[in-house]
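Listed here are the chains, written in short residue letters.
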Amino acid sequence: MVYIALLQVFLEQGFVEAVVHSRSTNNSYLNTAFWTIFFLSAVLCVISIMGAPLVGSLFGEPELPPVLKGLAPLLLLRGSISVHLALLQRKMKFGKLAAASMVGVLCGGMAGIISALVGLGVWSLVIFQLVNRLVESIIIWINSSWRPGWEIKSEEWPDLFRFGGSVTGSHLVNFVNRYGADLIIGLFFGPAAVGLYTLSFRIIRTLVNLFGSVISTVCFPLFSQLQDDQKTGRELFGSLIQQISLLSCPMFIGLALCAEEVVAVFFGDEWRAAVPLIQSLSFIGLLHSLYYLNNAVLLGYGKPQWELGINLLNSVVNTIVFIIAAQWNVMAVACGYVLRGYLLAPLPLFAVSRLLCFSFTSYVRNILFPLISTFVMSVCLLAFKSIMGNTVNPLVMLIAQVLLGGLVYFLIIYIISPQILKKTYHYFRVALSSLRGSTA
């Protein structure tokens, strides 16, 4: 999957983001983007099949080449829907995208579980991916009214590649940031260590995607529409940072405090070694949940090259940190990743402040109350765990901590800044109105 993810970085060439950001799109522009991506997907699919033995020998896994060949069609499926995805994002049709994703995961999950039960082993994961993507692709084609034609113009390429080139570079260095630790841990410590780190990172990544990544995906086309309106963009950015921090601060710090119970309840005692990794990576999850919004601003306001520069620096420093930390153990790799993240965190904030005239003081003011409330919540949870000890069932302990932490957190927020909760309630009502068909 790391190998397939790398090829997908080169597949779209940033054309999806270019289509979303473009002030106007015509058929020749969309057709040129579609057929370019589809041609690249076919080429990369062939490269993946032919290069599978080489990748297998690199990792010393003789069972890997057939699996890579089985995953190769994922590239064709992605290439066939990239422009459709961009158009649905551009039109803010996220309900249709969500429906396609959920149905795809449900069908793929059922196929994968059945395959695993009949003894297909690792091929159950391949079947899950293929069915998931196939169903998702079919639904997206049905939901999109646009169909590709044959009107292709080479003069459209400069605009596509100008914006998309920087985005592709950012995706590539993000790939190194995302998968670099997996590759280095695999080379130094073997597949078991990769499993522990991947499980830990997947939990964090899922929570980040639940809030930061989702909001970023929605806000990229929104900031693109506001690229000539700095004042509205600044107000939107400040409000969103406050709402994201309101949810992500207690969630990730709470996960760090409850990691032992989470692993025991959901994964079993055999994964207990992942607890310190989850606790460490929870802090990078908090940072990433806020970081995604910075990327939406940079792309929306037409500065993909700024994002590329920031991500390139992160990637270089990450690689150095991973290689050095791998001289010790997996925990050192995780801690190095977290430390690097916080040391370089001011850079994207500086870039956003240049675009929106958003001061660092305003940023801190928007996240201050959630941070204070999270600190009080943490003290209460630590005291509760100290009193209860290890005598309580993990499931009961987890439920008690979630209820206690949530109660303390929102009580403190209500006492020191009730207007934040009122604003959250307002946004929730707007969301419900939009689901009922209102134009709100």
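Look up: the structure comes first, before these words.
Residues numbered from 1 in each chain as written. Predicted model: local features only at pLDDT ≥ 70, side-chain atom pairs only at ≥ 80, totals over all residues. Heavy atoms only, no water.

## Examining the packing of aromatic side chains
The relation between two aromatic rings is expressed through the spacing of the ring centres and the mutual angle of the planes. Heads up, the condition is: What counts as a ring pair is set by centres within 6.5 Å for rings of Phe, Tyr and Trp (its six-membered ring), and what kind of pair is set by the plane angle: stacked under 30 degrees, edge-to-face over 60, tilted for all other angles. We count a stretch as a helix when DSSP gives it H or I for four or more residues in a row; a strand needs E for two or more, and each element gets its number in order from the N terminus. Here's how the labels work: a residue is buried when its accessible area is under 20% of the maximum for its type, exposed when over 50%, partly exposed in between, all with a 1.4 Å probe on protein chains only.
The full count for this structure, using the stated rule, is nine aromatic pairs. Ring geometry for tryptophan 35 and phenylalanine 38: centres 6.0 Å apart, planes at 85°, overall edge-to-face. Of this pair, tryptophan 35 and phenylalanine 38 both sit in helix H3 (residues 27–59), separated by three residues, roughly a single helical turn. Residue classification places tryptophan 35 among the partly exposed residues on the basis of a relative accessible area of 23%. Here phenylalanine 38 falls in the partly exposed class, since its relative accessible area comes to 29%. These aromatic residues form a ring-pair network of at least three members: Phe34, Trp35, Phe38 and Trp141.

## Side note on a nonpolar patch on the surface
Rules: Patch membership needs two things, relative accessible area over 30% and no salt bridge, and members are linked within 9 Å if like-charged or within 5 Å if nonpolar (Val, Leu, Ile, Met, Phe, Trp, Tyr). Here the Shrake-Rupley method, with its probe set to 1.4 Å, supplies the accessible areas, and only the displayed protein chains count as covering residues. Definition used for salt bridges: Asp or Glu carboxyl oxygen within 4 Å of a side-chain nitrogen of Lys or Arg.
Taken together, the side chains of Ile113, Ile114, Leu117, Val118, Leu120, Val122, Trp123 and Leu125 present a nonpolar region at the surface, about 820 Å² in accessible area. Of all the secondary structure elements, the ones that give two or more residues to the nonpolar patch are helix H6 (94–117) and helix H7 (123–143). By residue number, the principal contributor to the nonpolar patch is H6, which donates three residues. Its relative accessible area of 40% is what places valine 122 among the partly exposed residues.

## So, the pattern of salt bridges
This structure, assessed with the given rule, holds four salt bridges. Across the salt bridge formed by arginine 272 and glutamate 260, the nearest N and O atoms sit 3.2 Å from each other. Of the two residues, arginine 272 sits in the loop between helix H10 (230–266) and helix H11 (275–300) while glutamate 260 sits in helix H10, which places them twelve residues apart along the sequence. By relative accessible area, which is 39% here, arginine 272 ends up partly exposed. Aspartate 269 is paired through a salt bridge with arginine 272; the nearest N and O atoms lie 2.8 Å apart. A single salt-bridge network, built from bridges that share partners, covers Glu260, Asp269 and Arg272.

## Points about the layout of surface pockets
To be explicit about the condition: Here a cavity means grid points, on a 1 Å grid over the protein atoms only, where a 1.4 Å probe fits yet cannot get out; a pocket means an open set of points with protein on both sides within 12 Å along at least five of seven lines; lining residues are those with an atom within 4 Å of a point. Grid points are joined across faces, edges and corners, and a volume is the space filled by probe spheres set on the points.
For the second largest pocket, the calculated volume is near 580 Å³. The wall of the second largest pocket is formed by 22 residues, among which Pro250, Met251, Gly254, Leu255 and Val402 lie closest to the centre. Secondary-structure elements contributing two or more residues to the lining of the second largest pocket are helix H9 (191–225), H10, helix H15 (360–388) and helix H16 (394–416). No other element matches the nine residues that H10 contributes to the lining of the second largest pocket.

## Focus: the side chain of asparagine 311
Where we set the bar: A contact between two residues is defined here by any heavy atoms of the two lying within 4.5 Å.
Considering the arrangement of structural elements, one finds asparagine 311 in helix H12 (residues 304–325). The exposure class of asparagine 311 is buried, given its relative accessible area of 1%. In this structure asparagine 311 touches Ser170, Val173, Asn174, Asn177 and Tyr291, once residues within four positions along its chain are discounted.

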